[in-house]
Amino acid sequence: ARGDYQLVVEELEPKGIGALQLQFQQLKEKLAKEGLFDERHKVPIPFLPTRIGIVTSPTGAAIRDILNIARRRFSNVEMVINPVKVQGEGAGSEIAQAIRQFNELKNIDVMIVTRGGGSMEDLWPFNEEVVARAIYGSEIPVISAVGHEIDYTISDFVADFRAPTPSAAAELVIPKKEDLAKTIATSVTRLKNALTNQIGVLKERLVTLKDSYVLRQPLNIIIQYEQRIDDLEKGLAIRIDHIVKLRGGN
């Protein structure tokens, strides 16, 4: 009853989500100071890519959503999947390696790094420093689409563009073929109308020129100028004669 109980604490750290949240915040602050999130390093996403690289699990919901949207919107776009683990030990290293491989091959126009929703632990590979530095070092534009709309990862801050979901990433990077066809048809119609109007204006000018006095009686113009030269010549002779007489009189 009179015994003592003592704890000697050498280190304390938050448990569970608290520990991960602290890790997330510390890495975010570190990378922000290094400039990995700066807007000046981000590059625009191509308007109509012909080949899209996807770094994700080949069996997850994210890739199914992206492929379904791609087939509906623009089936001509080619998809190249670099399969990786998207959670668990070693997933971060696989994701980073896949990003570097796409850059070495240089065979895609844009890259989507993605996975579906999950807990913070499930999404953690996209918070790893190795993934952040691989995205930052990518010469290919990178879209980060990790989890649901409310989920934010370090990958989102480093990437050139953050999509709230995998489906949103597909809609962002793949325009609707029908919309493009309508835009082209409208542009062709406007171009035809502009050319028709311009041709009409030029035709009117041509008719006006054809009916002008100069083109109908071109020799008359020459005769008029010849007469003008004669008049100037006579006038000049009279002035010279007058000047000579005045000086002779002096």
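So, here's what we can say about the structure. (Residues numbered from 1 in each chain as written. Predicted model: local features only at pLDDT ≥ 70, side-chain atom pairs only at ≥ 80, totals over all residues. Heavy atoms only, no water.)

Things to note about the overall build of the protein chain
Moving on, step 1. A tally of helices and strands in the protein chain yields 10 helices and 5 strands.
Moving on, step 2. In summary, the protein chain has a C-alpha radius of gyration of 38 Å against a globular reference of 18 Å for 250 residues, an excess of more than 25%.
Moving on, step 3. The proportion of buried residues among the 250 residues of the protein chain is 32%.
Moving on, step 4. Counting only contacts in the protein chain whose residues sit at least 6 apart along the sequence, the fraction spanning at least 24 positions is 72%.
Moving on, step 5. Put simply, the protein chain shows about 16800 Å² of open surface, and 56% of that area lies on carbon and sulfur atoms.
Moving on, step 6. Here the protein chain carries 32 positive and 33 negative side-chain charges, and the mean point of each set is 10 Å from the other. (Helix = DSSP H or I, 4+ residues; strand = E, 2+ residues; numbered from the N terminus. Rg over C-alpha atoms; globule rule 2.2 N^0.38 Å. Buried < 20%, exposed > 50% of the residue type's maximum accessible area, 1.4 Å probe, protein only. Contact = heavy atoms within 4.5 Å. Areas by Shrake-Rupley, 256 points an atom, 1.4 Å probe, with all protein chains shown as cover. Lys, Arg positive; Asp, Glu negative; His and termini not counted. Charge placed at Lys NZ, Arg CZ, Asp CG, Glu CD.)

Topic: a nonpolar patch on the surface
Moving on, step 1. Together, Y5, L7, V9 and L12 make up an exposed nonpolar region whose accessible area comes to about 580 Å².
Moving on, step 2. Within the element layout of this structure, L7 appears in the segment before α1 (17-34).
Moving on, step 3. We classify L7 as exposed; its relative accessible area is 65%. (Patch = residues over 30% accessible without salt bridge, like charges linked within 9 Å, V, L, I, M, F, W, Y side chains within 5 Å. Salt bridge = Lys/Arg side-chain N within 4 Å of Asp/Glu carboxyl O.)

Quick notes on the sheet that holds strand β2 (residues 78-83)
Moving on, step 1. Strand order in the open sheet formed by 5 strands is β2-β1-β3-β4-β5, and the pairing between neighbours is parallel. Both outer strands of the open sheet, β2 and β5 (161-162), are each paired with one neighbouring strand and no more.
Moving on, step 2. The pairing of strand β1 (residues 51-56) with β2 spans 6 bridges and is parallel. For V55, the partnering residue across the bridge sits in β2 and is N82. (Pairing = 2+ DSSP bridges.)

Things to note about the side chain of N127
Moving on, step 1. With respect to the helices and strands, the residue N127 is situated in the loop between α4 (120-123) and α5 (129-136).
Moving on, step 2. Reaching out from N127, the side chain makes a polar contact with the backbone nitrogen of I154 at a distance of 2.8 Å.
Moving on, step 3. When neighbours within four sequence positions are excluded, N127 is seen to be in contact with F24, L27, Y152, T153 and I154. (Polar contact = N/O pair within 3.5 Å; in protein donor to acceptor, adjacent residues only side chain to side chain.)

Side note on the packing of helix α3 (residues 91-105) against α5
The angle between the axes and the distance between the axes are what describe a pair of packed helices.
Moving on, step 1. The contact between α3 and α5 brings their axes to 8 Å, and the two run at 10 degrees. What the angle tells us is that α3 and α5 run roughly parallel. Counted together, G92, S93, I95, A96, I99 and R100 of α3 and V130, V131, A134 and I135 of α5 form the full contact between these two elements.
Moving on, step 2. Grouping the amino acids of the contact of α3 with α5 by side-chain chemistry returns 7 nonpolar, 2 polar and 1 charged. (Axes fitted to C-alpha atoms, helices over the stretch in contact; angles between N-to-C directions. Parallel < 35°, antiparallel > 145°, perpendicular 65-115°, else oblique. Nonpolar A, V, L, I, M, F, W, Y, C, P; charged D, E, K, R; others polar.)

Regarding the packing of aromatic side chains
Moving on, step 1. The tally for this structure, following the rule as stated, stands at 2 aromatic pairs.
Moving on, step 2. Arranged with centres 5.5 Å apart and planes meeting at 35 degrees, the rings of F37 and F157 form a pair that is tilted. Of the two residues, F37 is situated in the loop between α1 and β1 and F157 in helix α6 (residues 154-158); the sequence distance between them amounts to 120 residues.
Moving on, step 3. By relative accessible area, which is 15% here, F37 ends up buried.
Moving on, step 4. With relative accessibility at 23%, the residue F157 sits in the partly exposed group.
Moving on, step 5. One aromatic cluster in this structure is built from F37, Y152 and F157.
Moving on, step 6. Residue placement shows R162 over the ring face of Y152; its charged tip is 3.9 Å from the ring centre.
Moving on, step 7. The residue whose ring lies beneath K177 is F74, and the NZ or CZ to ring-centre distance is 5.5 Å. (Phe/Tyr/Trp six-rings, centres within 6.5 Å; stacked < 30°, edge-to-face > 60°. Lys NZ or Arg CZ within 6 Å of the ring centre and 35° of its normal.)

Details of the nonpolar core
Moving on, step 1. By size, the foremost hydrophobic cluster in this structure holds 31 residues, and its most contacted members are V55, I95, I99, M111 and V113.
Moving on, step 2. Put simply, the parts of the chain that give this core at least two residues each are α1, α3, β3 (110-115), α5, β4 (142-146) and α6.
Moving on, step 3. With 5 residues, the top contributor of residues to this core is α3.
Moving on, step 4. Not counting residues up to four positions away in its chain, the partners in contact with M111 are G53, V55, I99, F102, N103, S138, I140, P141, V142 and I143.
Moving on, step 5. Among the nonpolar cores identified, the runner-up in size contains 19 residues, and V77, M79, V110 and A170 belong to it. (Core = buried A, V, L, I, M, F, W, Y, C linked by side-chain atoms within 4.5 Å.)

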